[in-house]
Amino acid sequence: MEDSTESSPALKAFTLLETIAAMDHAPTLAELTETANLPKPTLHRWLTMLEGAELVRRLPDGRRYELAARATALAFAILSNNPGSTQRHQILQRVARDLGESCNLTVLQGSEVMYLDRVEAAAPLRVAFQKGSRVPAHCSASGKIFLAMMPGAKRARLLGGLSLERHTANTLTEREALDAELGRVRRQGYAFDDEEYLSGLFCIAVPILDRTGRDCLAALALQAPVVRLSRENAAERLPALRSAAEALAATLT
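Residues numbered from 1 in each chain as written. Predicted model: local features only at pLDDT ≥ 70, side-chain atom pairs only at ≥ 80, totals over all residues. Heavy atoms only, no water.

(A) Highlighting the sheet that holds strand 5 (residues 134–136). Strand order in the open sheet made by the six strands is 5-4-3-8-7-6, with antiparallel pairing throughout. The open sheet has two edge strands, strand 5 and strand 6 (191–194), and neither has a second partner. The average angle at which neighbouring strand axes cross in this sheet is 30°, direction not considered. Two elements, strand 4 (residues 112–119) and strand 5, share three bridges in a ladder whose sense is antiparallel. Across the sheet, the residue bridging to Met 114 is Arg 134, located in strand 5. The strands that helix 9 (residues 238–252) touches are strand 3 (102–109), strand 7 (201–209) and strand 8 (216–225); relative to strand 7, the one it contacts most, it runs at about 45°. (Pairing = 2+ DSSP bridges. Helix = DSSP H or I, 4+ residues; strand = E, 2+ residues; numbered from the N terminus. Axes fitted to C-alpha atoms, helices over the stretch in contact; angles between N-to-C directions. Contact = heavy atoms within 4.5 Å.)

(B) Structural context of the pattern of salt bridges. As enumerated under the stated definition, the model contains 14 salt bridges in all. Residue Arg 228 is joined to Glu 101 by a salt bridge in which the shortest nitrogen-to-oxygen separation is 2.7 Å. On the criterion of sequence distance, the pair formed by Arg 228 in the loop between strand 8 and helix 9 and Glu 101 in the loop between helix 5 (84–99) and strand 3 is long-range, its members being 127 residues apart. The class of Glu 101 is buried, set by a relative accessible area of 4%. In this structure, Glu 236 and Arg 237 form a salt bridge, with 3.9 Å as the shortest nitrogen-oxygen distance. On the accessibility criterion, Arg 237 (14% relative accessible area) is buried. What emerges from the salt-bridge pattern is a single network uniting Lys 144, Glu 181, Arg 184 and Glu 196. (Salt bridge = Lys/Arg side-chain N within 4 Å of Asp/Glu carboxyl O. Buried < 20%, exposed > 50% of the residue type's maximum accessible area, 1.4 Å probe, protein only.)

(C) Region of the structure containing the packing of aromatic side chains. For the structure on display, the rule yields two aromatic pairs. Each ring, one from Tyr 190 and one from Phe 192, has its centre 5.5 Å from the other, and the planes form 50°; the classification is tilted. Like Phe 192, Tyr 190 is buried. Here the aromatic rings of Phe 192 and Phe 202 are separated by 5.1 Å at their centres, their planes lie at 55°, and the arrangement is tilted. A residue pair is termed long-range when its members are at least 10 positions apart, and Phe 192 in strand 6 and Phe 202 in strand 7 qualify at ten residues. An identical accessibility class is assigned to Phe 192 and Phe 202; each is buried. Ring pairing ties together the aromatic residues Tyr 190, Phe 192 and Phe 202, which thus form one cluster. (Phe/Tyr/Trp six-rings, centres within 6.5 Å; stacked < 30°, edge-to-face > 60°.)

(D) The arrangement of the side chain of Thr 171 in detail. Inspection of the secondary structure puts Thr 171 in the loop between helix 7 (152–160) and helix 8 (175–188). On the accessibility criterion, Thr 171 (5% relative accessible area) is buried. In contact with Thr 171, other than residues within four places in its own chain, are His 138, Cys 139, Glu 165, Arg 166 and Glu 196.

(E) Spotlight on the environment of Arg 63. Positionally, Arg 63 belongs in the loop between strand 1 (56–58) and strand 2 (65–67). Exposure remark for Arg 63: the relative accessible area of 48% places this residue in the partly exposed category. As for Arg 63 and Thr 28, which are separated by 35 residues in sequence, their C-alpha atoms are 5.5 Å apart. In this view, Arg 63 contacts Pro 27, Thr 28 and Leu 29; residues no more than four positions away in its chain are not counted.

(F) Quick look at helix 3 (residues 40–52). Its 13 residues give helix 3 an end-to-end C-alpha distance of 18 Å, which sits within 8% of 18 Å, the value for a rise of 1.5 Å per residue. Looking only at helix 3, the buried set comprises Thr 42, Leu 43, Trp 46, Leu 47 and Leu 50. Down the axis of helix 3, the buried side of the element spans an arc of 130°, and every buried residue falls inside it. Facing away from the buried side of helix 3 by more than 90 degrees, the exposed set consists of Pro 41, Arg 45 and Gly 52. Downstream of helix 3 by one or two residues, Glu 54 has phi in the positive range, about 60°. (Expected span 1.5 Å × (residues − 1). Arc of directions from axis to C-beta.)

By themselves these figures say nothing about function.
Next up, the structure:
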């Protein structure tokens, strides 16, 4: 943290939130003290304040900190209403029109995938999700993208506290099977939801990457009934989805 933040409590708190969000694991007080370059008592005071504001929470071990639901809800609101939101929606409209199926833009919030935006297809047999809808990460195509591309330690921590609840006969509920699936997603660069969350619904998702090409900012997914979209024909949509993902990345970075 820069010395100038000392005179601005609000900016100091915001910078501390940025520091926590940028780390690939839930940091301890000692790690934050080193990264933020602040005395431990000062940092502890600010963390206590952020905890009280429900922007940061401590993990059950009492030693590590991560962003709380209020902070991620704020990030969602900013992304939903910033100047790029109109451009992002237009890109989704183009994908839905060109491919003839519903598409959505998602972000990861905790162990769930949240719909940042969505455009419904004109075709019949649609599934009416809405902006703000949430689905479990382990049985959604976008969720698999986020899990596969996050640092291994962070993924292990998240999955370690996650109940792999069964939603359909196809849901992966065994950790070994899910790990194998995530390995395939990392290698291929896309993910399927083959009737794993809702029977009769197939989904393919691709990552939306930052400028470095390493961090997954969001995911773009196409959804359709299995009578129109399946493992056999989903890959045909990949070029259009990846092109749209690149255009969406430009609105997020």
